[in-house]
Amino acid sequence: MKARNTAKTLKSAGFASLRPVGVPDPYISVVVTAYNRKKYLPEALRSLERQTLDKAKFEVIVVKNFEDPASDSIIRRNGWRWVYSDERWQGPFTLAGIEEARGDVIAFLDDDDMYVPERLQVVERAFREVRDLAYFHNAQLVVDEAGRPVGARGLSDGCLCFTSASVPLREAHRLAVDFNSSSIAVRRDVLASGAGLIKLIRRSFDTAVFAASLRYGEDLALCHIGEPLTLYRWYS
């Protein structure tokens, strides 16, 4: 799958590209979470190894509550970091990785999901070229337990961009713009402002991040890309 000209797509939706002169390129932190499930984690990590984005432009932090030779070898050979946490609630568990992150932009990956090779390239370009982008979300290719495609969610032509002051509720609901943590990337400042809420989240971390983005600033952009950049695993 070839990455689109994301800046052109977002600009066509009504948001200016061209970040202010002197603003550095964003550095991305990918927080991978795995609680009590080893089976799919190596596949998730290998999808990060295959990213087309320059490896110097992102880091990977794995939060898990177990040791696993297959996963640990992938982490070591890439110089990634892992954090142990036995928190049962999704919010504090993920926050353990966020607190270790150095990125301007935080992306998430659940242990049983995967990225397509161009995902981080698209995320980096969106945050680099679109002024005031706070929240990024993309469509998903749905796969079964064996990784076979069975459907898709959130597909659309182009993208949907809006601010918290003008949320298109019907379209946002249709595209499920708050669904699946592995399809979200968000500015670090947004998470810092919502850390108190995140600590209280048992489940539905994705919805909490979307809510924090809406609350962060009325003039900041939230965008959904209708391109399936995440492989979301569905259990029958």
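Relevant structure appears above.
None of these values were measured; they are calculated from a predicted model.

Within the secondary structure, D110 sits in strand 4 (residues 105-110). Each C-alpha atom, one on D110 and one on T94, is 10.0 Å from the other, the two residues being 16 residues apart in sequence.

This paragraph deals with the state of the cysteines. In this structure the tally under the stated criterion is one disulfide. Covalently, C161 is tied to C223 through a disulfide, its sulfur atoms 2.2 Å apart. Between C161 and C223, the disulfide has an S-S torsion of 120° and is therefore right-handed. Of this pair, C161 sits in strand 8 (residues 159-162) while C223 sits in strand 10 (residues 221-233), and the two are 62 residues apart along the sequence.

Moving on to the pattern of salt bridges. Within this structure, the stated rule accounts for 15 salt bridges. Its salt-bridge partner being E100, residue R81 comes within 3.7 Å of it at the nearest N-O pair. Here E100 lies in the loop between helix 4 (90-98) and strand 4 and R81 lies in strand 3 (residues 81-84), a separation of 19 residues in the sequence. On the basis of relative accessible area, R81 is assigned to the partly exposed category, the value being 27%. Salt-bridge contacts for R187 lead to D189; the nearest nitrogen and oxygen are separated by 3.6 Å. For R187, a relative accessible area of 21% corresponds to the partly exposed category. Residue classification places D189 among the partly exposed residues on the basis of a relative accessible area of 40%.

Conventions and cut-offs
Each residue is numbered by its place in its chain's sequence as written, counting from 1. Only residues with pLDDT of 70 or above have their local features reported here, since the model is predicted, and side-chain atom pairs are shown and tallied only from 80 upward, although totals for entire chains, interfaces and linings are computed over all residues. Where side-chain values are given, they derive from all heavy atoms of the structure, hydrogens and water being excluded. Numbered from the N terminus, helices here are DSSP runs of H or I no shorter than four residues, and strands are runs of E no shorter than two. Here, a disulfide means two cysteine sulfur atoms that sit within 2.5 Å of each other. By definition, a salt bridge exists where a carboxyl oxygen of Asp or Glu is found within 4 Å of a side-chain nitrogen of Lys or Arg. Summary of the burial criterion: residues with accessible area below 20% of their type's maximum are buried, those above 50% are exposed, and those between are partly exposed, where the area comes from a 1.4 Å probe applied to protein chains only.

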